[in-house]
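For reference, the chains in residue letters:
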Amino acid sequence: MCIFCKIVKGEIPNKTLLENEDFLAFEDINPASKIHALIIPKQHISSFDVMPPKVMAEMTEFIQKLASNLEIKDSGYRIISNIGDHGGQEVNHLHFHLLAGEYVGRLVGNK
Ligand code: AMP
């Protein structure tokens, strides 16, 4: 079983930020910014690449609610999903990183 499935089952502790029947948001253990959340479907889906579009629609609503709860809608935030080897994905369970709480720099485009 993958590490995020173990978190969903409660076998590995996590700092939960938001949860419903289908999704879980929790703090990243190695934060890259002041706020660094991971958002996952409870169902095991290996990456964004195989995510059914319906799940994306539901996750969008969940992430928007998380942003509202974290009071970062005005200041802004970034969501990222790493996919596969070249994308730098280390945990093979679909997740979005949410980075916020400070200026998180630019990944593409002019500085
Ligand atoms: P990725 O490289 O996109 O697969 O990201 C995996 C993320 O999972 C990394 O940012 C890790 O810090 C995070 N991570 C790994 N194990 C845990 C854990 N037990 N609790 C919280 N975050 C974790």
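Look a little higher up for the structure.
These notes cover the structure that comes with them. It should be emphasised that the depicted structure is a prediction, and the values quoted were computed from it without experimental measurement. (Residues numbered from 1 in each chain as written. Predicted model: local features only at pLDDT ≥ 70, side-chain atom pairs only at ≥ 80, totals over all residues. Heavy atoms only, no water.)

**Some points on the site of the ligand**
Part 1 of the reasoning: Not every one of the 16 residues close to the ligand is listed here, only the nearest: Asp 28, Asn 82, Glu 90, His 95 and His 97.
Part 2 of the reasoning: Within the backbone of Ile 29, an N or O atom sits 3.1 Å from a nitrogen atom of the ligand.
Part 3 of the reasoning: Taking 510 Å² as the accessible area of the ligand by itself, protein coverage stands at 85%.
Part 4 of the reasoning: Elements represented by at least two residues in the shell around the ligand include exactly helix H1 (3–9) and strand S2 (23–27).
Part 5 of the reasoning: Taken together, the residues of the shell around the ligand sort by class into seven nonpolar, six polar and three charged. (Near = heavy atom within 4 Å. Polar contact = N/O pair within 3.5 Å; in protein donor to acceptor, adjacent residues only side chain to side chain. Areas by Shrake-Rupley, 256 points an atom, 1.4 Å probe, with all protein chains shown as cover. Helix = DSSP H or I, 4+ residues; strand = E, 2+ residues; numbered from the N terminus. Nonpolar A, V, L, I, M, F, W, Y, C, P; charged D, E, K, R; others polar.)

**Digging into the nonpolar core**
Part 1 of the reasoning: One finds Ile 39, Met 51, Met 59, Leu 66, Phe 96 and Leu 98 to be the most contacted residues of the largest nonpolar core, which totals 18 residues.
Part 2 of the reasoning: Residue assignment for this core shows that the elements contributing at least two residues are S2, strand S3 (35–41), helix H2 (53–69) and strand S5 (96–100).
Part 3 of the reasoning: At six residues, the largest contribution of residues to this core is made by H2.
Part 4 of the reasoning: Here Leu 66 is in contact with Leu 17, Leu 18, Ala 25, Ala 37, Ile 39 and Leu 98, once residues within four sequence places are set aside.
Part 5 of the reasoning: Counting six residues, the second-largest nonpolar core is a separate cluster that includes Phe 4, Ile 7, Leu 24 and Ile 40. (Core = buried A, V, L, I, M, F, W, Y, C linked by side-chain atoms within 4.5 Å. Buried < 20%, exposed > 50% of the residue type's maximum accessible area, 1.4 Å probe, protein only. Contact = heavy atoms within 4.5 Å.)

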